[in-house]
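# Breakdown of the fold
Below are the chains, spelled out letter by letter.
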Amino acid sequence: MAHGVRTGGRNNRRLSGTGIIVEILQLIGEIFGYAAFYLAILAGVCLIPLGLPGQFLIVIACLIFILVAGSQTLTWWMFGIILFLAVFAEVLEALAGGLGAGKAKGSKWSFFGALAGGLAGAILGSLVFPIIGSVLGVLAGTFLGAYAVEYWRTKATHGSIEVAKGALAGRILGTVIKVVIALAMIVLITFSLLVGTS
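Residues numbered from 1 in each chain as written. Predicted model: local features only at pLDDT ≥ 70, side-chain atom pairs only at ≥ 80, totals over all residues. Heavy atoms only, no water.

### Remarks on the overall build of the protein chain
Counting its secondary structure elements, the protein chain contains six helices and zero strands. For the protein chain, the N- to C-terminal ordering of α and β elements is α-α-α-α-α-α. Among the 198 residues that make up the protein chain, the fraction classed as buried is 33%. Of all intrachain contacts in the protein chain linking residues separated by at least 6 positions in sequence, the fraction that spans at least 24 positions is 68%. Of the roughly 11,800 Å² of accessible surface on the protein chain, 79% is carried by carbon and sulfur atoms. (Helix = DSSP H or I, 4+ residues; strand = E, 2+ residues; numbered from the N terminus. Buried < 20%, exposed > 50% of the residue type's maximum accessible area, 1.4 Å probe, protein only. Contact = heavy atoms within 4.5 Å. Areas by Shrake-Rupley, 256 points an atom, 1.4 Å probe, with all protein chains shown as cover.)

Written out as structure tokens, the structure is:
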């Protein structure tokens with residue numbers, strides 16, 4: 001009888017030790033999961049100055065988080081708000097760029113030239129000097145793209161330069177707005193996670 005009690009005690013301790021190990025592994029998995037999640041959404045913010053719609057990387061990261069971890073902490077309602085803000089940020093950036101070129105009496109074609117030039121500049125800049133080269137490439141490409149299209153359309157050097165300046169100013173303003181909204185998205189996500197886990 002005593003032997004059975006001792007054996008049962010050892011088994012219970014073994015099971016208890018196994019349970020602790022499982023809990024530790026689960027905790028480590030959660031820590032790595034949250035770290036990967038926040039690295040992804042912060043990477044999204046960093047992509048925005050490079051001329052890329054990084055706020056949608058935040059949206060994708062949130063979707064994956066919900067599908068993997070469930071919607072108890074990060075709800076579908078919050079995902080909808082994050083998605084709306086991502087689209088809203090893109091619209092505001094486009095409007096800022098258009099207003100910048102339009103204020104200098106540029107055409108819609110110069111606006112598209114600025115967009116195409118910014119994208120090409122980001123790609124070329126990243127090949128020459130990653131990150132910093134990409135940012136400088138976006139700015140230079142935006143200016144040159146708007147200038148090239150406007151000069152091709154009007155053959156007026158001074159007017160084309162003014163339109164290019166306006167497009168560049170609009171691009172910078174739009175990027176700042178988009179970064180601010182992306183940071184607000186992260187604040188909302190963090191608040192939702194804290195409330196959901198409390």
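Moving on, there is more to tell.
### Quick word on the packing of aromatic side chains
Taken as a whole, this structure holds six aromatic pairs when the rule is applied. Pairing tyrosine 34 with phenylalanine 65 gives two aromatic rings, centres 5.7 Å apart and planes at 55°, and the pair type is tilted. Pair noted here: tyrosine 34 is in helix H1 (residues 2–47) and phenylalanine 65 is in helix H2 (residues 55–69), with a separation of 31 residues, a long-range link. Judged by its relative accessible area of 10%, phenylalanine 65 falls in the buried class. Ring plane angle 10° and centroid distance 5.8 Å describe the contact between phenylalanine 84 and phenylalanine 88, whose orientation is recorded as stacked. A residue pair is termed a helical-turn pair when its members lie 3 or 4 positions apart in one helix, as phenylalanine 84 and phenylalanine 88 do in helix H3 (residues 76–103) at four residues. (Phe/Tyr/Trp six-rings, centres within 6.5 Å; stacked < 30°, edge-to-face > 60°.)

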